[in-house]
Amino acid sequence: MAYQPLVIKRLSNIPETKTNIMKLLSTLTLAFSLCLLSFTGFSQTGKAPKPTIFSDFPDKINCPSSELSYAFSTSEGEHVVLFFSDNFRFSGTVISNVVKYDNLQSMVIRSDASENTIFHLTKQINEDNTITYIGRIINSNASDGYEIKKDITGNYKFEKAMSEKILQDCHL
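Report on the accompanying structure. Here the structure is a predicted model, which is why all the values come from computation and not from measurement.

### Some words on the layout of surface pockets
Then step 1. Quantified by volume, the largest pocket comes out at close to 220 Å³.
Then step 2. For the largest pocket, the full set of lining residues is Ile53, Phe54, Phe57, Phe88, Arg89, Phe90, Ser91, Ser111, Ala113, Ser114 and Thr117.
Then step 3. A per-element tally of the lining of the largest pocket places strand β3 (residues 88-101) first, with four residues.
Then step 4. Considered class by class, the residues forming the lining of the largest pocket number six nonpolar, four polar and one charged.

What follows is the structure in structure tokens.
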């Protein structure tokens, strides 16, 4: 019978022990979660911003359709200089000039002036025999580039575009 008060005393401490264990487990779980979040946060490093290579040029540059038409008269491997305005010309080597269909021709010119800069140009002959040009000057290492746009008067212009919105990083 001397043991009965000791047993009763131990049994009366069981709820208090469970409470202490639960407090300890919840504290450990919270600490572990915070450590996991901090490791995940440190592992997400930001990319360095890409440089701009067309910052010295205006946001819009006239693009005569005669120069675009001339580009399609060149052949693969040929050096070409396209004069778009007094302060903007594109010179490079034609690396591709392909007639894909009777009404569609695409070409790519690699720039002499800037490594990794290409001018991709497509000519489409519409059903009414009008010609539509679509193209971009882009560099995978730069944040800016140009895109050809046709205004309401039918004239073409290069409009500055952010290449990061056009090009997606692909890590293979």
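There's more to say after this.
### Points about the environment of phenylalanine 90
Then step 1. For phenylalanine 90, the position within the fold is in strand β3.
Then step 2. Phenylalanine 90 sits 47 residues away from isoleucine 137 along the chain, and the two C-alpha atoms are 9.3 Å apart.
Then step 3. For phenylalanine 90, the contacting residues outside a window of four places in its chain are Val80, Val81, Leu82, Phe84, Ile109, Ser111, Thr117, Ile118, Phe119 and Ile137.

### Section: the pairing of strand β6 (residues 131-139)
Then step 1. Where strand β5 (residues 117-125) meets β6, nine bridges bridge the pair, whose relative direction is antiparallel. Counterpart to threonine 122 in the pairing with β6 is isoleucine 134.
Then step 2. The pairing of β6 with strand β7 (residues 144-150) spans two bridges and is classified as antiparallel. Counterpart to arginine 136 in the pairing with β7 is glutamate 147.
Then step 3. Hairpin connection, β6 to β7: the antiparallel pair is bridged by four residues.

### Overview of the packing of aromatic side chains
What describes a pair of aromatic rings is the distance from one ring centre to the other and the angle between the planes of the rings.
Then step 1. Taken as a whole and assessed by the stated rule, the structure comprises 11 aromatic pairs.
Then step 2. Judged by centre distance (6.1 Å) and plane angle (20°), the ring pair of phenylalanine 72 and tyrosine 133 falls under stacked. Note that phenylalanine 72 is positioned in the loop between α3 (65-71) and β2 (79-85) and tyrosine 133 in strand β6, a separation of 61 residues in sequence. Just as phenylalanine 72 is buried, tyrosine 133 falls in that class too.
Then step 3. Taken together, a centroid distance of 5.7 Å and an interplanar angle of 55° make the contact between phenylalanine 88 and tyrosine 146 tilted. Of the two residues, phenylalanine 88 is situated in strand β3 and tyrosine 146 in strand β7; the sequence distance between them amounts to 58 residues. Taken individually, phenylalanine 88 and tyrosine 146 each receive the classification buried, so the pair is uniform in this respect.

### Observations concerning unusual backbone geometry
Then step 1. A positive phi angle, near 65°, is found at asparagine 129, a position not held by glycine.
Then step 2. Asparagine 129 sits in the exposed class, given a relative accessible area of 63%.

### Structural notes on the pattern of salt bridges
Then step 1. Summed over the entire model, instances satisfying the criterion amount to three salt bridges.
Then step 2. In this structure, the salt-bridge partner of aspartate 59 is lysine 160, at a minimum N-O distance of 3.9 Å. One end of the pair, aspartate 59, is in the loop between α2 (14-43) and β1 (60-62); the other, lysine 160, is in strand β8 (residues 156-162), with 101 residues separating them in the sequence.
Then step 3. A salt bridge links lysine 60 to glutamate 159, with the nearest nitrogen and oxygen atoms 3.9 Å apart. Remark: glutamate 159 occurs in strand β8 and lysine 60 occurs in strand β1; sequence separation between them is 99 residues.

### Considerations on the nonpolar core
The nonpolar side chains of a soluble globular protein tend to be buried with one another.
Then step 1. Core analysis: the largest hydrophobic core is formed by 22 residues, its most contacted members being Leu68, Phe84, Phe119, Leu121 and Phe158.
Then step 2. Looking at this core, the elements that each hand over two or more residues are α3, β2, β3, β4 (104-111), β5, β6, β7 and β8.
Then step 3. Those residues in contact with phenylalanine 84, other than ones at most four positions away along the chain, are Ile61, Asn62, Cys63, Pro64, Glu67, Leu68, Arg89, Phe90, Phe119 and Phe158.

Conventions adopted
Residues numbered from 1 in each chain as written. Predicted model: local features only at pLDDT ≥ 70, side-chain atom pairs only at ≥ 80, totals over all residues. Heavy atoms only, no water. 1 Å grid on protein atoms, 1.4 Å probe; cavity = no way out; pocket = protein on both sides within 12 Å on 5 of 7 lines; lining within 4 Å. Points joined across faces, edges and corners; volume = space filled by probe spheres on them. Helix = DSSP H or I, 4+ residues; strand = E, 2+ residues; numbered from the N terminus. Nonpolar A, V, L, I, M, F, W, Y, C, P; charged D, E, K, R; others polar. Contact = heavy atoms within 4.5 Å. Pairing = 2+ DSSP bridges. Phe/Tyr/Trp six-rings, centres within 6.5 Å; stacked < 30°, edge-to-face > 60°. Buried < 20%, exposed > 50% of the residue type's maximum accessible area, 1.4 Å probe, protein only. Salt bridge = Lys/Arg side-chain N within 4 Å of Asp/Glu carboxyl O. Core = buried A, V, L, I, M, F, W, Y, C linked by side-chain atoms within 4.5 Å.

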